[in-house]
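Structural description and commentary
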Amino acid sequence: MEWQGQVSSLRSNLERDSNSEECKKQMYEIFRYAIDKHEEDKLVQLLIDPTLVNHREVIASQSVDIIWLLYYALDKSPSVLDLLTKLVEKQIVSRVLIVERLPKELASPLAFTTPIKPEIYLQKVIRVNTVAFLSQQKYNLFREESEGYSKVITELDTPFDLNSVGLVVEHLQSLIGYFDLDPNRVFDIVLDVFEHNLDRSDAFLKLIQMFSLPYLPHLLGFKFAFYASSGEEAPKSLCDLTAVLIKSKTITLASIRPHLSPSDEQIKSQEQAYIDQVSEEARVATAGLISLNPANKETKKAKKDKAKAKRNTEIKMLAMQQKLKVALSSMQYEDWDTAVSILSTQSYCPGAYPSVATALCKRIEALIWNLYAPISPNPSSRSEVRVQDQLPRVSNLTEVLDHVFPLLGFLGPYLAQDTLVLCKLCRVLASLCTSELATLSDSQQQSLMLIIGEVILPSVSFINSNPAIVLEVWEIVKQFSYDKRFKMYSIWQKLTKYPSYVLVRAYAHGECKKLLQRLTQENARDLGRSLGKIIHMHPDIVFSQAIHRIRSYINFVQPVVDSMKYNTNLGHDVLNYTLICHLANGDQMAGATVKQDGISGAVWLINLSSFTGLFYKKYSHKCEAKFDLITPMMNYIFKQLTMENVHQLLLMKDVLEKTVGIRVYDKEYLDQIFCLEAGPLLRGETLASLQAEGTKEQQNAKAIETLIKSVSNNDLAMLLYIIMGQRRVQILYSTEEQDLKLMADIFDKVHETMLLYGNFTNEYTKPHKFPKLSELVHEYHLEPEISWHILRQNLHHVYCDIDSSGRPISSPINSSNSVKLIDDVSRVLSPTATFSPSFYAVFWSLKLSDIYVPKDEYEDAIARCSVQGAEGLLKAEGLKQEMKECEIRVRNTRKRFEEECKTWFPEPANRTSAVTSLLEQCIIPRLRISSPDAIYCAKFVDLFERSMDANTRAGFNIVVYLQRLMEDFGGIMFGCTVAEAARLGRYFCCTLQRIKKWREDPDVFEEEIGKTSAVTYLQFIKLGVIWEHVLRDTFLSFLDGKNYMKSRNALNVLAAVIDYFPSYRGTAIALEEPVKKLAEDTSRTDLKVLAESYRGQLEKKKPGLLSDNKKKEDSQTEAAAVKPTNTEEEREKKAPLPSTPKDGSSSKDGPLKIVSATLKGIQAGEPSSKRKRQSDPSERRQDTTPVKEEAGIKKRKRDVGASPSSSNTGPSAVASSSSGTVSPTTAQHEKLKKKLQEEKAKAEAEATRREPTREPTREQSREQSREQTREQTREQAREQTREQTREQTREQAREAREQAREQAREPTRESARDSVRDSVRDSVRESARDSAREPIREPIRELAREPIREPREVKVKSEPEQPKRETRELIREPIRELIREPIREMKKEDRAGTERSKRSKARKEHTEVAAGPEEPRELRESREQREMAREREPIGRVEGPEVPRELLRESREQQREVIRERSRDRSDRDVRGDRDTREGGHQRAVAFDQRGASSRAGRADRDRDRHSSDSQGGRRQRRGRQ
């Protein structure tokens, strides 16, 4: 250790702050080093250095303390005592300090000049303490006279000044001696008078010098103890006296502190009890319990009164603390050192006491006045505050931290008591932070953030909804970066050391919970105001509650977003912080980020993601320019991706979709994709039609601008792109074992989000300076296809020279700068590639709009815009100009293809390697990226093929390319995810569409690939059949249901190519069976849905497919075409086609062998002439045209429905049956060609007349659809007219039938009406008879009751007495009359029925058929007997007198007679009806349709008549019994 250097270092520390921790630590290290190294002498020499003379007292004090620590730290080592002895000898440490501070083991040897034993030393210490503290002077209290004390009071009450204090002292001494007064009591009286005359403090301070001042703290302690024992507050005058005495240094704070109550332990226990009480109440308030009893419900006023009472309890508790009141008095007397010393020891916040808070606020206002006056908006108020001269000058932010922030720490959130001071402080801090925040050190910034989080922000919660203060606070907070702002919000949210603050937040929590429970879409605006008031005070509470509800209920998202209308910038920022906290802690709060299936996002994550997108869409643009609301979320997503949490990308997707209004257009129709990949005008028109309606363009534009700014200003554009590409690769190569379906779905979601982000950056952001292609591949470990996808829009800024304005000087493709791109591509290109780097660069750098112009889509858009007025005409002109530019661009691309394609594919040994390299490194990687890229691959191959001629086609052949694609299609499809399989289907659909076009039209085949390909048209037809077989077998192997991904991908691809595959009905039947099994399998719902959908499409398409016979003809056409001919005459005749074996294999010289040989020759790169000789020596190039023409005509004739016999004649037969080895002459060729042309014209005319089979062009399809629509409209009109005519005819027939039915029903209705009338008449008559017979019935009833009272006399029948016989006679006469009357009525009814039967003659004619043949007489008689037997059965037991048997027998006989008579009448009527029916047979034929209804009506009438007669007979029977 360099002792000399330690001297200077120690001196500097002592001069800076002798009591600092750094100084004490340095001295301790020096002492410890000296003892350990036995260098005590050097230490002594250092301490007695002359430069440290001014710090001897501090050195002595700290040396004694360090000796005490080392003595016990080193286990009472003797070396410590030796060092202390040397320090005493050198007079560095005094013996007084040793006795005062060190234990007896160290003090006893050195306390005195001569060492003494420790026991004797202890005795001396006890004796001194006893004399000092336990002895007291005794006075003769009985000799004191009260007059002396009164004179003392009178003397002190007489005004005196500092000059006359000596005279007052003499008088007091005289009074004490004369009246034998106790000096201590006189001293106490002096203090009492001093307490009430503090304005003469100088005189009294000099006066009390006459007394023993060491006793002064004890006298004051007795006064404080008196008030504490009585439970009263210490009076302010006493506290002021104590503060004056401390300030004047008459007493010290350490001497008076032990006498102040309550003690520190009692204060802590009281505060803890109060905190527990408040915590319990806060817990209940936070729970938001609702009482169903109206008597228990608290009003807002009751809650405010309750909170006020709790606040008064806190104030009263603090008022009983005498230390706090002494500190308050010290503040008032400007003794801030004493006040700060007392306040710093308080465990409870001193600012909770209002008087202390007021004093602190005044002090703060005075300190910051010099800084506030220049920025005060009110110049007249700049001289209101009196700034004292002794106040420290605060002129910068560092001095504010040193002088103001300690006072703010004592205040806490109670700074809100003085809103004006809070506002001034916020303005001062905002002004200073704007200019000086960057100059602060990290520790100073941490202190500033701590004060803002613990004082200023909580103070806002104590102010009752003051948006102005919120805005002032935001002016400070916005100066910090978002991570520091979020740290301050975290401090604010977790602050719990202020009980009143916790209680206020608890009440706000309960109120917010009740408001959110009532929040709906309808009342979001009204409740938004109430929530806004709470948000101004407690934004974190409202947002936490709202987000907690959103996590569970998706329908709560929109109401919460709408209710944030009254939020401030601070509220938006707090909401952003709260949202990110819930997202980051979502796993702990609500479980995993995915569902149990491992694929779908969790409900809480989906809900929060939706809320995030809507929130940023509506409010991100409303914040001020310097405040970026979206950047924190973008950085959060980036950090989550760095931690490999890809599920949080759902946030990115929702933010882009909802804020910007874009999405991945990967599933649209083909024409829509063409429009989206075209120029900006057509793309804009298409996007306008695809985007959702009801969005505000201005709001979306501002939100997009905000999002662009947040991505561009923080260099997130490149970082997010790269990190998403890296996560995309890591998903596939993750070491964790995952289900293949899960891995594929996660991969698709990440890829979709990356495409969405790419669309956003390409569409809205400026080009960025991305790394080069080789850097992305080798340094950032991205796949080449993703690297190209990232750089495609930024190639100009990566590889071209940039001017001062940031724009590229020239294109990297069409200039010398392309050399940079080619050199960089050569570092990435695989060494196995058989094409040049320039081809690789061209393929990956171009896009769909560079090689294809959607003319039809442009024309449709122009037509739509032309009818939209002046503005539409302007759009139409712009679209026309844009289409011209696109055509020029495509023309230049094709020209470049024609110029450079010679060097793209060098002559390889085997062309299969060239095709394989093209598929592996270009086609397959790019088609998996997106649907536009898949279509681009198909269009690129098409354009590339048409751009080459026979000389430049050495390294590439389209037939070999298609053959390799068909062979490897299964492997390509298996390596795809679900979304990639759909894109593969897009690409394959375009490829099959091209193949179909070539197969259906030989002219197109000859024009596009026939001239440069060695394969003839008929060989190509055969290849189509072979490819159909290959694809069928591939799909059948994938649809076995054993592997989920294979079946899913196969169904996706099949659904995409349904228009072009299968082509034959047999293939469709073969595919139908495995698809049906998948559709019936319920274990995989998604596969079942896909299989059912494809099965329906296949079933719908199957009738239009080619038959198996057509397939057989296509497979045999090649053999007929290549069969050698002998003579010209044989060419005029059609030879039969060679047969094909039943097993499907070709003959020895069949077409399969020829096609295989041709393909082998093509793949091997042999010259076309050599391949022709190998396939067929007799075949020549000039023979191909007639053969192709003949094949095309044959196909058209088959398509238009020509008969099989017609195929045996005509020019086609001549061409197909030609034989011989000599080629036809020119004349013969011309003659044959002329005949073929005539046949072709006839076939075209026939095809035009009938439905054409050739695939129509887009314009033809559109015209065809319009014609179909018109035809459908005409057909609908004709059908409607026919339907109306039919309806009228039906109506007329219905009216005729109704009329006939009415005529038939008339007799039935008449009979029904008659029966109703009869029943009414019967009821009327019956009631009339009853009223007339009532006088007769009464005595009968009376007599009937008599036998019940005397039953035995009633039953006696022998030897009746005379009175009884007379009584019976009286009864019989009315009974007979009652019986005769119904009989007369029945006869009358029978006569009326006879008349009615005549009127119902027509009805009887129609009931004959329905009723059947006439009932035999035996059956009729048996039926009548059964009816009579039923009628004999008693209906019910009638109580009353027993009726004589003679009367009953007589009535029954009469009833039987009536029934027989009615039966005879019915039989007569039936016989007459049969005769009339036979006579009117022609009428039955006319009303044949009405027989059913009439028969049912007649049967109902007969049943009703029978029921009526039965009921009447029953009534007669009952009357007879009575």
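Everything numeric here is computed off the predicted structure, so don't read it as measured data.

Reading the values: the criteria
- Residues numbered from 1 in each chain as written.
- Predicted model: local features only at pLDDT ≥ 70, side-chain atom pairs only at ≥ 80, totals over all residues.
- Heavy atoms only, no water.
- Helix = DSSP H or I, 4+ residues; strand = E, 2+ residues; numbered from the N terminus.
- Buried < 20%, exposed > 50% of the residue type's maximum accessible area, 1.4 Å probe, protein only.
- Contact = heavy atoms within 4.5 Å.
- Areas by Shrake-Rupley, 256 points an atom, 1.4 Å probe, with all protein chains shown as cover.
- Salt bridge = Lys/Arg side-chain N within 4 Å of Asp/Glu carboxyl O.
- Expected span 1.5 Å × (residues − 1).
- Axes fitted to C-alpha atoms, helices over the stretch in contact; angles between N-to-C directions.
- Nonpolar A, V, L, I, M, F, W, Y, C, P; charged D, E, K, R; others polar.
- Parallel < 35°, antiparallel > 145°, perpendicular 65-115°, else oblique.
- Left-handed = near helix turned anticlockwise from the far one by under 90°.
- Polar contact = N/O pair within 3.5 Å; in protein donor to acceptor, adjacent residues only side chain to side chain.
- Phe/Tyr/Trp six-rings, centres within 6.5 Å; stacked < 30°, edge-to-face > 60°.
- Lys NZ or Arg CZ within 6 Å of the ring centre and 35° of its normal.

**Some remarks on the overall build of the protein**
Along the protein, the regular secondary structure elements total 74 helices and zero strands. Classification of the 1522 residues of the protein by burial places 47% in the buried group. Considering only residue pairs separated by 6 or more positions, the protein has 76% of its internal contacts joining residues 24 or more positions apart. With an accessible surface of roughly 78500 Å², the protein has 52% of that area assigned to carbon and sulfur atoms.

**Let's talk about the pattern of salt bridges**
A complete count under the given rule lists 38 salt bridges for this structure. For Glu685, the salt bridge identified is with Lys875, shortest N-O distance 3.5 Å. Within this pair, whereas Glu685 is found in helix 38 (residues 680-690), its partner Lys875 is found in helix 49 (residues 869-900), the two being separated by 190 residues in sequence. On the accessibility criterion, Glu685 (26% relative accessible area) is partly exposed. Each of Asp188, Asp192 and Lys223 takes part in salt bridges that share partners, so that together they form one network.

**What to know about helix 28 (residues 499-518)**
With 20 residues, helix 28 ought to run about 28 Å at 1.5 Å a step, and its terminal C-alpha atoms sit 29 Å apart, in line with that. Regarding helix 28, the residues found buried are Pro499, Ser500, Tyr501, Leu503, Arg505, Ala506, Ala508, His509, Gly510, Cys512, Leu515 and Leu516.

**Description of the packing of helix 41 (residues 740-764) against helix 54 (residues 978-1000)**
Running from N to C, helix 41 and helix 54 point in directions that differ by 65 degrees, and their axes come no closer than 8 Å. From helix 41, Asp745, Phe747, Asp748, His751 and Leu755 reach across to helix 54, where they touch Val978, Ala979, Glu980 and Arg983. Classifying every residue of the contact of helix 41 with helix 54 by side-chain character gives four nonpolar, one polar and four charged.

**What to know about helix 43 (residues 784-791)**
The buried fraction of helix 43 is high, at seven of eight residues. Among the residues of helix 43, those classed as buried are Glu785, Ile786, Ser787, Trp788, His789, Ile790 and Leu791.

**What about unusual backbone geometry?**
Residue Pro262 follows Ser261 across a cis peptide bond; omega there is -5 degrees. With respect to the element layout, Pro262 can be found in the loop between helix 15 (253-256) and helix 16 (264-287). Unlike most non-glycine residues, Asp180 shows phi in positive territory, near 50 degrees. Note on placement: Asp180 falls in the loop between helix 10 (165-178) and helix 11 (183-195).

**A look at the packing of helix 4 (residues 56-73) against helix 5 (residues 78-89)**
It is at 10 Å that the axes of helix 4 and helix 5 come closest, and there the two elements cross at 165 degrees. Judged by the inter-axis angle, helix 4 sits roughly antiparallel to helix 5. Handedness of the crossing formed by helix 4 with helix 5: left-handed. Judged by residue contacts, Ser63, Ile67, Leu70 and Tyr71 of helix 4 engage Val80, Leu83, Leu84 and Leu87 from helix 5.

**Overview of the environment of Arg994**
You can see Arg994 is positioned in helix 54. Along the backbone, Arg994 and Ala938 are 56 residues apart, and their C-alpha atoms lie at a distance of 9.2 Å. Once residues lying within four places of it in the same chain are set aside, the contact partners of Arg994 are Asp942, Arg946 and Glu1008. Reaching out from Arg994, the side chain makes a polar contact with the side chain of Asp942 at a distance of 3.4 Å. At 2.4 Å, the side chain of Arg994 and the side chain of Glu1008 are in polar contact.

**Quick notes on the packing of aromatic side chains**
Tallied over the entire structure, the rule returns 46 aromatic pairs. Ring centres of Phe969 and Phe1035 lie 6.0 Å apart, and the angle between their planes is 65 degrees; on these two criteria the pair is classed as edge-to-face. Here the residue Phe969 occupies a position in helix 53 (residues 969-974), and Phe1035 occupies one in helix 56 (residues 1017-1038), the gap between them amounting to 66 residues. Under the relative-accessibility criterion, Phe1035 is labelled buried at 0%. An aromatic cluster of at least three residues, connected via ring pairs, comprises Trp788, Phe835, Phe839, Tyr840, Phe843, Trp844, Phe897, Trp904, Tyr936, Phe940 and Phe944. The ring of Phe160 has Arg200 lying over it, and the distance from NZ or CZ to the ring centre is 5.2 Å. Positioned above the aromatic ring of Tyr936, the side-chain terminus of Arg926 is 3.8 Å from the ring centre.

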